Amino acid sequence: MTDDPVAVLRRWADSGGIWRVTGRRPGSVTVALYQCTGGEEVDRLVSSDPELIRYLGERTSSED
């Protein structure tokens, strides 16, 4: 079973990690997950989940 992408981003940020939107297309988004220092990319999340797209809004990172 796949995790809810909004929950994934919330858990990542709550754990001290940083996420950044690296791509937006009509109906989908790509989000890179970084270590807490923001230096090394650890994973990527590509999703067309409308809840995730709404959650992100115009934000470009967890630092916004």
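Everything here concerns the structure above.
Rules of the game
Within each chain, residues carry numbers counting from 1 in the order of the written sequence. Local features in this predicted model are restricted to residues of pLDDT 70 or higher, and side-chain atom pairs are both shown and tallied only at a pLDDT of 80 or more, whereas totals for entire chains, interfaces and linings draw on every residue. Hydrogens and waters are ignored; side-chain quantities use all the structure's heavy atoms. In this text, helices come from DSSP runs of H or I with a minimum length of four residues, and strands from runs of E with a minimum of two, each type numbered from the N-terminal end. Taken over C-alpha atoms, the radius of gyration is set against a globule rule of 2.2 Å times the number of residues to the power 0.38. Accessibility here uses a 1.4 Å probe with only protein chains present; expressed as a share of the type maximum, an area under 20% marks a residue as buried, one over 50% as exposed, and anything in between as partly exposed. Contacts: residue pairs with any heavy atoms within 4.5 Å of one another. Calculation of accessible area relied on Shrake-Rupley with a 1.4 Å probe; when residues are assessed, cover is drawn exclusively from the protein chains displayed. For the charge count, each Lys or Arg is scored as positive and each Asp or Glu as negative, with His and the chain ends excluded. To locate a charge, take atom NZ for lysine, CZ for arginine, CG for aspartate or CD for glutamate. Aromatic pairing here means that ring centres of Phe, Tyr or Trp (its six-membered ring) are within 6.5 Å. Orientation follows from the plane angle: under 30 degrees is stacked, over 60 is edge-to-face, and everything else is tilted. Two conditions define a charge sitting above a ring: the NZ of Lys or the CZ of Arg must be within 6 Å of the ring centre, and it must be within 35 degrees of the ring normal. Arc definition: directions from the helix axis to the C-beta atoms. The term polar contact refers here to a pair of N or O atoms within 3.5 Å; inside protein, the definition further demands a hydrogen-donor-capable atom paired with an acceptor-capable atom, and it admits residues adjacent in sequence only when both atoms are side-chain atoms.

Draft legend 1. Main features of the overall build of the chain. When you go through the chain residue by residue, the secondary structure sums to two helices and three strands. The order of α-helices and β-strands along the chain, N terminus first, is α-β-β-β-α. Its C-alpha atoms give the chain a radius of gyration of 11 Å, near enough to 11 Å, the size a compact globule of 64 residues would have. Sorting the 64 residues of the chain into buried and exposed places 31% on the buried side. Expressed as a percentage of contacts within the chain between residues at least 6 apart in sequence, the contacts between residues at least 24 apart total 38%. Within the structure as shown, the chain displays about 4,200 Å² of accessible surface, and the carbon and sulfur contribution to it stands at 48%. Here the chain carries 8 positive and 11 negative side-chain charges, and the mean point of each set is 4 Å from the other.

Draft legend 2. Region of interest: the packing of aromatic side chains. Under the definition given, this model contains zero aromatic pairs. In this structure, Arg20 packs its charged tip against the face of Tyr34, placed 4.6 Å from the ring centre. The lysine or arginine in question, Arg59, covers the ring of Tyr55, its NZ or CZ lying 4.6 Å from the ring centre.

Draft legend 3. How the structure looks around the side chain of Ser47. Of note, Ser47 is situated in strand β3 (residues 41-47). Beyond its immediate chain neighbours, meaning those up to four positions away, Ser47 contacts Pro5, Gly27, Ser28, Val29 and Leu52.

Draft legend 4. Fine view of helix α1 (residues 5-14). Along α1, the positions that sit buried rather than exposed are Pro5, Val6, Val8 and Leu9. Projected down its long axis, α1 shows its buried positions confined to an angular sector of 160°, all on one face. Each element contacted by the buried residues of α1 is listed here: β1 (18-25), β2 (28-34), β3 and α2 (50-56). Among the residues of α1, the N-terminal cap falls to Asp4, whose side-chain oxygen and the backbone nitrogen of Val6 are separated by 3.2 Å.

Draft legend 5. Structural view of the environment of Ser61. Within the secondary structure, Ser61 sits in the segment after α2. The exposure class assigned to Ser61 is buried, which follows from its relative accessible area of 6%. Along the sequence, Ser61 and Arg20 sit 41 residues apart, while their C-alpha atoms lie 4.1 Å from each other. When near neighbours in sequence (up to four residues on either side) are disregarded, Ser61 contacts Trp19 and Arg20. Within polar-contact distance, the side chain of Ser61 engages the backbone nitrogen of Glu63 at 3.0 Å.

Function cannot be inferred from these measures alone, as they are strictly geometric.
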